[in-house]
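Take a look at the letters that make up each chain.
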Amino acid sequence: MPNPPESYEVRPMTRKELNTAARWAKQEGWNPGVHDAECFFKTDPAGYFAGFVDGEMVASISAVSYGEDFGFIGFYIVKPEYRGQGCGIRVWNAAMEHLGGRNIGLDGVLAEEKTYEKSGFKTAYHNIRFEGVGGGFRPGSVEPLGAFSLDEILEYDSRFFPVRREGFLKAWLAMPNIFAYGLRSNNALAGYGVVRSCSSGYKIGPLFADDANTAEEIFRALVAHTPNGPFFLDVPDVNQEAMNLAKRRRMAPSFETVRMYTQNAPDIKLSGVFGVTSFELG
């Protein structure tokens, strides 16, 4: 295995350095949200690592812990001129050590699937990024998400995510320039979604719903806020109703990842995941 330069060192990333990782993600074409970094860092400030050569940041990774049982890897990037020198594996090892024995998830690029398998990850399914053109009107059936209590949102969200993620959702729903809607059925939350501005256009995530009709109503409300640019929706390919929604809206596939876990795939309601929250944090 190649050795990195002698001065190479790995240490926890600062909040400011996470901006550098987000900029690299933009350059890689991953299109992060404009305000994602602030929310991500609040979720687990100790879960970010960077590699440095003579003080220059050359590698990054996130290893966000959601409590004692689950974690997620993201932002795994090495500057092009330092690739193939062993810089990446050093930050990778720091991230895996930080997450310990938790079940760890990631969304990897397809070309690296076999590499992740060698580290103990197993493929669960693929996520497809679809791109569409915004516009339209908000249906009267949906309500601003602020009409629902945080406890109700957290309880609903936990059906579609491996663990209850209170810290993350508090920060996510407080981001500037987002729009979030829910739909009520039988006096209970039956679905919710969020749209945020990104490096290019807008991104929907999450979009969780009891059924396809509920998802489409919330989807229409979110898309109504994206009239001046493209919008993106990341769909698990195992949810055929979600795939059908993207096709009905004439959205075009533009990117694909492989969702992998170190242990068994979590027991979540994938049939209700119409839009993944984030490729970086799950």
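Identification of the protein as GCN5-related N-acetyltransferase from Desulfatibacillum aliphaticivorans is taken from an unreviewed UniProt entry.

(A) Quick look at the overall build of the protein. A tally of helices and strands in the protein yields 8 helices and 13 strands. Here the C-alpha atoms of the protein give a radius of gyration of 19 Å, agreeing with the 19 Å that 2.2 N^0.38 yields for 282 residues. The principal-axis extents of the C-alpha atoms in the protein amount to approximately 60 × 35 × 30 Å. Expressed as a percentage of its 282 residues, the buried residues of the protein come to 56%. Within the protein, contacts between residues separated by at least 24 positions form 73% of all contacts whose residues are at least 6 apart in sequence. Entry remark: accessible area of the protein is about 12200 Å², with carbon and sulfur atoms responsible for 48%. Charged side chains in the protein number 29 positive and 34 negative. The centres of these two groups are separated by 4 Å.

(B) Highlighting helix α2 (residues 36-43). Summarising burial for α2: 6 of the 8 residues are buried, a large majority. Of all the residues in α2, the buried ones are Asp36, Ala37, Cys39, Phe40, Phe41 and Thr43. As for α2, its buried residues are in contact with α1 (15-27), β2 (48-53), β3 (56-66), β4 (70-78), α6 (166-172) and β9 (188-197).

(C) Representation of the pattern of salt bridges in the model. Overall, the coordinates contain 18 salt bridges when judged by the stated rule. With a shortest N-O distance of 3.9 Å, Glu38 and Lys42 are connected by a salt bridge. Remark: Lys42 and Glu38 occur in helix α2; sequence separation between them is 4 residues, near one turn of the helix. Residue classification places Glu38 among the partly exposed positions, given a relative accessible area of 36%. The salt bridge involving Lys114 is made with Glu117; its shortest N-O contact spans 3.7 Å. Remark: Glu117 and Lys114 occur in helix α4 (residues 113-118); sequence separation between them is 3 residues, near one turn of the helix. Each of Arg15, Glu38 and Lys42 takes part in a single network of salt bridges with overlapping partners.

(D) Structural context of empty space enclosed by the protein. This structure, assessed with the given rule, holds 1 cavity of 30 Å³ or more. Taken as a whole, the largest cavity spans an internal volume of roughly 100 Å³. If you go around the largest cavity, you meet 13 residues; those closest to its centre are Phe160, Arg259, Val273, Val276 and Gly282.

(E) Region of interest: the layout of surface pockets. In this structure, the largest pocket encloses a volume near 840 Å³. Taken together, 32 residues form the lining of the largest pocket, with Tyr76, Ile77, Val109, Glu112 and Tyr116 sitting closest to its centre. Every element with two or more residues in the lining of the largest pocket is listed here: β4, α3 (87-99), β5 (103-109), α4 and β12 (252-261). The greatest single-element share of the lining of the largest pocket, amounting to 6 residues, is contributed by β4. Each residue belonging to the lining of the largest pocket can be placed in one class, and the counts come to 16 nonpolar, 9 polar and 7 charged.

Parameters at a glance
Residues numbered from 1 in each chain as written. Predicted model: local features only at pLDDT ≥ 70, side-chain atom pairs only at ≥ 80, totals over all residues. Heavy atoms only, no water. Helix = DSSP H or I, 4+ residues; strand = E, 2+ residues; numbered from the N terminus. Rg over C-alpha atoms; globule rule 2.2 N^0.38 Å. Buried < 20%, exposed > 50% of the residue type's maximum accessible area, 1.4 Å probe, protein only. Contact = heavy atoms within 4.5 Å. Areas by Shrake-Rupley, 256 points an atom, 1.4 Å probe, with all protein chains shown as cover. Lys, Arg positive; Asp, Glu negative; His and termini not counted. Charge placed at Lys NZ, Arg CZ, Asp CG, Glu CD. Salt bridge = Lys/Arg side-chain N within 4 Å of Asp/Glu carboxyl O. 1 Å grid on protein atoms, 1.4 Å probe; cavity = no way out; pocket = protein on both sides within 12 Å on 5 of 7 lines; lining within 4 Å. Points joined across faces, edges and corners; volume = space filled by probe spheres on them. Nonpolar A, V, L, I, M, F, W, Y, C, P; charged D, E, K, R; others polar.

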